[in-house]
Amino acid sequence: MAELEGWQWSDYDVLTSTNDKAKEQSNLATKPLVISAICQTKGRGRRGRTWVSKEGNLFFSQLLSFPMPLSDLVFISSLSVAKAILEIAPQLAVKIKWPNDVLIDGKKVCGILLETGENATAIIGIGINLRQSPSADDILYPTTALGDLGVEISRDKFLKIYLQHFNYWTDIRLKQSFEPIRSAWLELAAFLDEKITVNCTAKNISGIFKGIDEQGLLLLKQEEKIIYIAAGDVFA
Ligand code: BTN
């Protein structure tokens, strides 16, 4: 096990899913862990979907105790991925699609799956297309990869930069409040003040995206009323 930016880090050749491994360890872990894998055979996405895990991409999970609402981690992690990409390649048009998809030029480059483990732990599972993007047949939303955009970065280097940002924003959350995170997240939010459709389990709801509230709920304006949405997939 190595140490990376204050995290105990294990990198595996093959796992079913880094979230599975993190869950397995959640009984035993005494320190925050990062578990990564070169290859995932059963990567999971949000809402029961598969995460197509292409060779050369980065798959990892953070296992941590969280003295804050789990929903705050949704925004801290997506903000940290977006900031890491901008540190590596400031020229890229990076946005975050609610709640936690990171987009470049409107195409998905990163997905995040939050789960809970044993002993009140949180598992933040992150997949980043460093080298390859899954083909359009495999996925719900157009995708891109840093490699497609001429940006070469190793898995280790990306992880290190990401963890620096994650540590920074977590520290802000713990010493201050969710508000600085909400406002930094909103600066990078995709489709702000634009018409969107949110696919919630059984139905689609359309309106103007007006940002997020202090709990991270999506604010959707329909005529004169605001609807608060807790979960769903956003489409422009
Ligand atoms: C989504 O956009 O639907 C979330 C995708 C999350 C994928 C990552 S890859 C590392 C970790 N292990 C998994 O099985 N899923 C997450």
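Details of the structure are given in the entry above.
Because the structure is a prediction, the values reported are computed rather than measured.

Undergrad: Lay out the packing of helix H3 (residues 155-175) against helix H4 (residues 179-187) in plain terms, naming residues and giving numbers.
TA: Packing of H3 against H4 brings their axes to within 8 Å, and their N-to-C directions diverge by 135°. As summarised for this structure, H3 and H4 are arranged oblique, according to the angle between their axes. Across the interface between the two elements, Trp169, Ile172 and Arg173 from H3 touch Pro180, Ile181 and Ala184 from H4. Each residue belonging to the contact of H3 with H4 can be placed in one class, and the counts come to 5 nonpolar, no polar and 1 charged.

Undergrad: Give a description of the site of the ligand that names residues and reports values.
TA: Taken together, 19 residues sit near the ligand, with Ser17, Gln40, Arg44, Arg46 and Lys108 positioned nearest. Between a nitrogen atom of the ligand and a side-chain N or O atom of Thr18, the distance comes to 3.2 Å. Separating an oxygen atom of the ligand from a side-chain N or O atom of Lys108 is a distance of 2.6 Å. Burial of the ligand by the protein chains amounts to 99% of its free accessible area of 420 Å². Breaking the shell around the ligand down by element, the ones donating at least two residues are helix H1 (18-25), strand E4 (58-65), strand E7 (107-116) and strand E8 (121-128). Broken down by element, the residue count for the shell around the ligand peaks at 4 residues, all from E7. Tallied by class, the residues present in the shell around the ligand amount to 6 nonpolar, 9 polar and 4 charged.

Undergrad: Help me get a handle on the sheet that holds strand E1 (residues 2-4), residues and values and all.
TA: Think of a sheet as strands paired side by side through backbone hydrogen bonds, with each pair either parallel or antiparallel. Strands sit in the order E1-E2-E3-E4-E8-E7-E6-E5 across an open sheet of 8 strands; the sheet is mixed. Each end of this open sheet is capped by a strand with a single partner; those strands are E1 and strand E5 (94-97). The sheet shows a mean angle of 25° between the axes of neighbouring strands, direction not considered.

Undergrad: Help me get a handle on unusual backbone geometry, residues and values and all.
TA: Cis geometry is adopted by the peptide bond preceding Pro99, which originates at Trp98 and carries an omega value of 0°. With respect to the helices, strands and loops of the structure, Pro99 is situated in the loop between E5 and strand E6 (101-104). Backbone geometry at Arg47 places phi at a positive 50°, although glycine is not the residue there. Relative to the helices and strands, Arg47 resides in the loop between strand E3 (33-40) and E4. Under the relative-accessibility criterion, Arg47 is labelled partly exposed at 38%. Look at Asp193: it is not a glycine, yet its phi comes out positive at around 65°. Along the chain, the position of Asp193 falls in the loop between H4 and strand E9 (195-200).

Undergrad: Tell me about the packing of aromatic side chains, and please be specific about residues and values.
TA: Within the structure shown, the criterion is met by 7 aromatic pairs. With centroids separated by 5.8 Å and ring planes inclined at 70°, the aromatic side chains of Phe75 and Phe178 adopt a geometry described as edge-to-face. Pair noted here: Phe75 is in helix H2 (residues 70-88) and Phe178 is in the loop between H3 and H4, with a separation of 103 residues, a long-range link. The pair formed by Phe75 and Phe178 is uniform in burial state, with each residue classed as buried. Centroid distance Tyr162 to Phe166: 5.9 Å. Interplanar angle 35°. Geometry classified as tilted. Of the two residues, Tyr162 and Phe166 are both situated in helix H3; the distance of 4 residues between them amounts to about one turn of the helix. Judged by its relative accessible area of 0%, Tyr162 is buried. One aromatic cluster in this structure is built from Trp7, Phe60, Tyr162 and Phe166. In this structure, Lys97 packs its charged tip against the face of Tyr141, placed 4.3 Å from the ring centre. Between Lys97 and the ring centre of Phe235, over which it is positioned, the NZ or CZ distance is 5.8 Å.

The rules we used
- Residues numbered from 1 in each chain as written.
- Predicted model: local features only at pLDDT ≥ 70, side-chain atom pairs only at ≥ 80, totals over all residues.
- Heavy atoms only, no water.
- Axes fitted to C-alpha atoms, helices over the stretch in contact; angles between N-to-C directions.
- Helix = DSSP H or I, 4+ residues; strand = E, 2+ residues; numbered from the N terminus.
- Parallel < 35°, antiparallel > 145°, perpendicular 65-115°, else oblique.
- Contact = heavy atoms within 4.5 Å.
- Nonpolar A, V, L, I, M, F, W, Y, C, P; charged D, E, K, R; others polar.
- Near = heavy atom within 4 Å.
- Polar contact = N/O pair within 3.5 Å; in protein donor to acceptor, adjacent residues only side chain to side chain.
- Areas by Shrake-Rupley, 256 points an atom, 1.4 Å probe, with all protein chains shown as cover.
- Pairing = 2+ DSSP bridges.
- Buried < 20%, exposed > 50% of the residue type's maximum accessible area, 1.4 Å probe, protein only.
- Phe/Tyr/Trp six-rings, centres within 6.5 Å; stacked < 30°, edge-to-face > 60°.
- Lys NZ or Arg CZ within 6 Å of the ring centre and 35° of its normal.

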